[in-house]
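The lines below spell out each chain.
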Amino acid sequence: MSKLVTIYGGSGFVGRYIARRMAKEGWRVRVAVRRPNEAIFVKTYGVVGQVEPVLCNIRDDASVASVMQGADAVVNCVGVLAENGKNTFDAVQSEGAERIARIAQERGIDRMVHVSAIGADTQSESDYARTKGEGEAAVLKYQPNAMILRPSIVFGPEDEFFNRFAGMAGMSPVLPVVGANTKFQPVYVDDVAEAAVQGVLGEAQGVFELGGPVTMSFRELMGLMLEVIRRRRLVLNIPFFAAKIMAFSFDVLEAATLGLVKNPTVTRDQLKNLRNDNVVSEDAQGLDALGIAPTAMASVLPEYLWRFRPAGQYSEIKESAKNLRSN
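How each quantity is defined
Residues numbered from 1 in each chain as written. Predicted model: local features only at pLDDT ≥ 70, side-chain atom pairs only at ≥ 80, totals over all residues. Heavy atoms only, no water. Phe/Tyr/Trp six-rings, centres within 6.5 Å; stacked < 30°, edge-to-face > 60°. Helix = DSSP H or I, 4+ residues; strand = E, 2+ residues; numbered from the N terminus. Buried < 20%, exposed > 50% of the residue type's maximum accessible area, 1.4 Å probe, protein only. Salt bridge = Lys/Arg side-chain N within 4 Å of Asp/Glu carboxyl O. Pairing = 2+ DSSP bridges. Axes fitted to C-alpha atoms, helices over the stretch in contact; angles between N-to-C directions. Contact = heavy atoms within 4.5 Å. Right-handed = clockwise from strand over helix to strand, strands pointing away. Core = buried A, V, L, I, M, F, W, Y, C linked by side-chain atoms within 4.5 Å.

Geometry of an aromatic ring pair is reported as the spacing of the ring centres plus the angle between the planes. Scanning the entire structure with this criterion turns up 10 aromatic pairs. Ring centres 6.3 Å apart and planes at 90° place the aromatic pair phenylalanine 13 and tyrosine 17 in the edge-to-face group. Of this pair, phenylalanine 13 and tyrosine 17 both sit in helix H1 (residues 13–24), 4 residues apart, which is roughly one turn of that helix. For the pair phenylalanine 13 and tyrosine 17, a shared accessibility class is recorded, and that class is buried.

Put into structure tokens, the structure is as follows:
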């Protein structure tokens, strides 16, 4: 019988790509998620019965253990960018990661891949980065041979970065950003998945920081995105002091309404992360150590951001028509 991998958060942005690649490797894939009825699409990644979504709550030992039954390897892709109810940074990224690693050890599983983030640091002032660091430490405590992946901003068709700002650019002549000079090294989602597969197969272990072939500032990334969607917009940098006041106001409003009104901008915790560059460290192992050639943004962004162009899928046809008329 083919081997089985349980992927916690396997229907999420990064998880679904890992699930698809593991199915192609011939493994059975168990996709552990909170809402399996919304993850039915993962079944198409393999033959009938090869990829199955199952119910799991990583805040509960019994739930985590039940979906790990019979697994040969586990992957943890669960993370949150902002806290929501019981899904706090501590509960998900620190305690949740520890729970998965501990139960895997109890089950005799010694292959684990944990998706963290660049900037993970147990001493960080940011709760996001702190709990990412605590999650890594817990994983290595119970799974010393685990692979830990620390990607920079991850881009791809379902990303919440370029899609979000491209949508904003379609509605406003001004594109406000915080930390315009902060550096990022965006990495393609399928490159992250390819790295994870090596960990599941036992071909690599240790900590890897994953970044793409270029490093750009937040402002430069917005310029590239605007070029792809063929729109001219003013990229306006919001000073940190002003952004802090704005974030505080919205965070208080969200708390006062018990989450009914969500912070539409950035949270105070996210501001702390935006003060620091999000790039691969000079002495870190990266994609090159895994033999993976990083995918360039320019070759991927047009494939999914075209829908934000003024004429959508017809933009190139219109541009060609203009050239014909001018000739």
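The subject of this paragraph is the pattern of salt bridges. Tallying each qualifying case throughout the model produces 13 salt bridges. For the salt bridge of arginine 150 with glutamate 136, the shortest nitrogen-to-oxygen distance reads 2.7 Å. Of this pair, arginine 150 sits in strand S6 (residues 147–151) while glutamate 136 sits in helix H4 (residues 127–142), and the two are 14 residues apart along the sequence. The same class applies to arginine 150 and to glutamate 136, which are both buried. Exposure remark for arginine 150: the relative accessible area of 18% places this residue in the buried category. It is possible to trace a salt-bridge network through shared partners that takes in Asp61, Glu98, Arg99, Arg102 and Glu106.

Take unusual backbone geometry next. Residue arginine 230 is not a glycine yet carries a positive backbone phi of 60°. Within the secondary structure layout, arginine 230 lies in the loop between helix H7 (218–228) and strand S13 (234–238). With a relative accessible area of 32%, arginine 230 lands in the partly exposed category.

Let us now look at the sheet that holds strand S1 (residues 4–8). Spatially, the 7 strands line up as an open sheet ordered S3-S2-S1-S4-S5-S6-S11, and their pairing is parallel. The open sheet is flanked by strand S3 (51–55) and strand S11 (206–210), the only strands paired with a single partner. On average, adjacent strands in this sheet sit at an angle of 20° to one another, irrespective of strand direction. In terms of strand pairing, strand S4 (residues 73–76) meets strand S5 (residues 112–115) through 3 bridges, oriented parallel. Note that in S5 the partner of valine 75 across the bridge is valine 113. Strand contacts of helix H6 (residues 189–200): S1, S4, S5, S6 and S11, with the helix running at about 170° to S6, the strand carrying the most contacts.

Another point: the side chain of serine 63. Within the secondary structure layout, serine 63 lies in helix H2 (residues 61–66). Its relative accessible area of 15% is what places serine 63 among the buried residues. Apart from the residues lying within four places of it in its own chain, the contact partners of serine 63 are Leu55, Cys56 and Asn57.

The next point concerns the pairing of strand S2 (residues 28–33). Most of S2 sits out of view: 5 of its 6 residues are buried. In the classification by handedness, the crossover that spans S1, the intervening H1 and the parallel S2 is right-handed. In this structure, S2 lies alongside S3, joined through 5 bridges in parallel fashion. Counted as the bridge partner of alanine 32 is valine 54 from S3.

Counting 74 residues, the largest nonpolar core has Phe162, Met222, Met225 and Leu305 as its most contacted members. Residues in contact with methionine 222, not counting those within four places in the same chain, are Phe161, Phe165, Leu175, Val177 and Val235. By size, the runner-up hydrophobic cluster in this structure holds 27 residues, among which are Ala32, Cys56, Val92 and Ala101.

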